[in-house]
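Each chain, written out:
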Amino acid sequence: AKHLGGNTLQFFTERLRASSLESLQLENQLRKALDEGQLELFYQPRLCLANDRLEAAEALVRWRHPQQGLIGPAQFIPLAEATGLIIPLGEFVLRQACAQARRWQQQGLAELRISVNLSVKQLRQGNLVSLVRQVLEETGLPPGLLELELTESQMLDDIENAIDTCRLLRALGVSLAIDDFGTGYSSLSYLKRFPVDYVKIDKSFIAELEQSGEDAAIIRAIIAMAHNLELKVVAEGVETQGQMDFLKAHGCDEIQGYLLSPPVEPERFVEMLT
Ligand code: C2E
Ligand code: CA
Ligand code: CA
Ligand code: CA
């Protein structure tokens, strides 16, 4: 047993060494990817249920790896956050998304709001507000066409600072959304304090909406409460017509999900607009 223990320990040590080596390699590759233009944005449409029009698109980052092909954000955003690479990566995403939305606007394709995910690290960076102002100026995108998505847990981390930053961002004319709403702990009591425009109901509630009376009740409650606070409601992860019908019947403002389209390349996104 003793020698088995020794082997086990050795095994774990090696695993640990291998995994930190892997993550170091991944970090270097990701840095290179950013420099060499291997990161790109996909866009997923949001449909306004009141007028049946595509009014917004969420920008979602992808890594087109020369050997491994397309890599999703879940595989590298956590590492980017841990290493601080999320700051230049987030700046790239913001600039790219605004430039794209501006081109679509200039081509007369649509007055689409473009929505960009922010990491907590970006929110806490002192210069976020001036970065956003600068990118809007550079690209010429009207501030009303930019939306920034933040998660609840990010805001709760340092509430007063988050509220201040949100106020300054909204003063620029951009709109704000709380992403993954309902997955945190203090949603209801804090919601009224955050100067935001949209709540995005987390897709975990939508997934079982048709099977689970509880999830349906939670969704109705979120919609009612958000509307009382004069916020708009977006449901994400909408995959079925039944889910869409329920959301429409209960006054949800916008939906996003595979039912409409997965996130796609800009060229394919344009096809949905024309
Ligand atoms: P998120 O912001 O909650 O984005 C929605 C995720 O749900 C996306 O995954 C999208 O592809 C997926 N999705 C869309 N419709 C459906 C559906 O009908 N059913 C299901 N099951 N899923 C659907 P994706 O693109 O893999 O992104 C994962 C997460 O990575 C995002 O979650 C976001 O937290 C993060 N992320 C993506 N791009 C960025 C970025 O540019 N910056 C930062 N900080 N985070 C990003
Ligand atoms: Ca999001
Ligand atoms: Ca989300
Ligand atoms: Ca079409």
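In this text, all values refer to a predicted model and were calculated from it rather than measured experimentally. Per chain, the residues get numbers from 1 upward, laid out in the order the sequence is written. Key to labels: chains lettered from A, ligands numbered from 1, both in the order written. For a predicted model such as this one, the threshold for reporting local features is a pLDDT of at least 70, and the threshold for listing and counting side-chain atom pairs is 80 or more; totals across whole chains, interfaces and linings nevertheless cover every residue. Excluded from the side-chain calculations are hydrogens and water; all other atoms, namely the structure's heavy atoms, are used.

A. Looking closely at the pattern of salt bridges. Any Lys or Arg side-chain nitrogen found within 4 Å of a carboxyl oxygen on Asp or Glu counts as a salt bridge. Per the counting criterion, the structure on display carries 15 salt bridges. Where Glu138 meets Arg95, a salt bridge forms, and the shortest distance between an N and an O atom there is 2.8 Å. Here Glu138 is found in helix 5 (residues 128–139), whereas its partner Arg95 is found in helix 3 (residues 86–106), with 43 residues between them in sequence. Between Arg193 and Glu160 there is a salt bridge, and its shortest N-O distance comes to 2.9 Å. Residue Arg193 is located in the loop between helix 8 (187–191) and strand 7 (198–201), and its partner Glu160 is located in helix 7 (residues 159–171); the two are separated by 33 residues in the primary sequence. According to the relative accessible area criterion, Arg193 is partly exposed, its value standing at 34%. The class of Glu160 is partly exposed, set by a relative accessible area of 47%. Only DSSP runs of H or I reaching four residues or more are called helices, and only runs of E reaching two or more are called strands; each is numbered from the N terminus. Under the scheme applied here, a residue whose accessible area is under 20% of the maximum for its type counts as buried, over 50% as exposed, and between as partly exposed, the area being computed with a 1.4 Å probe on protein chains only.

B. Summary view of the pairing of strand 6 (residues 175–181). Buried residues dominate strand 6, accounting for six of its seven residues. When DSSP finds at least two bridges between two strands, those strands are taken to pair. Sheet analysis places strand 6 next to strand 7, joined by three bridges and oriented parallel. Bridge pairing links Ile178 to Val199 in strand 7.

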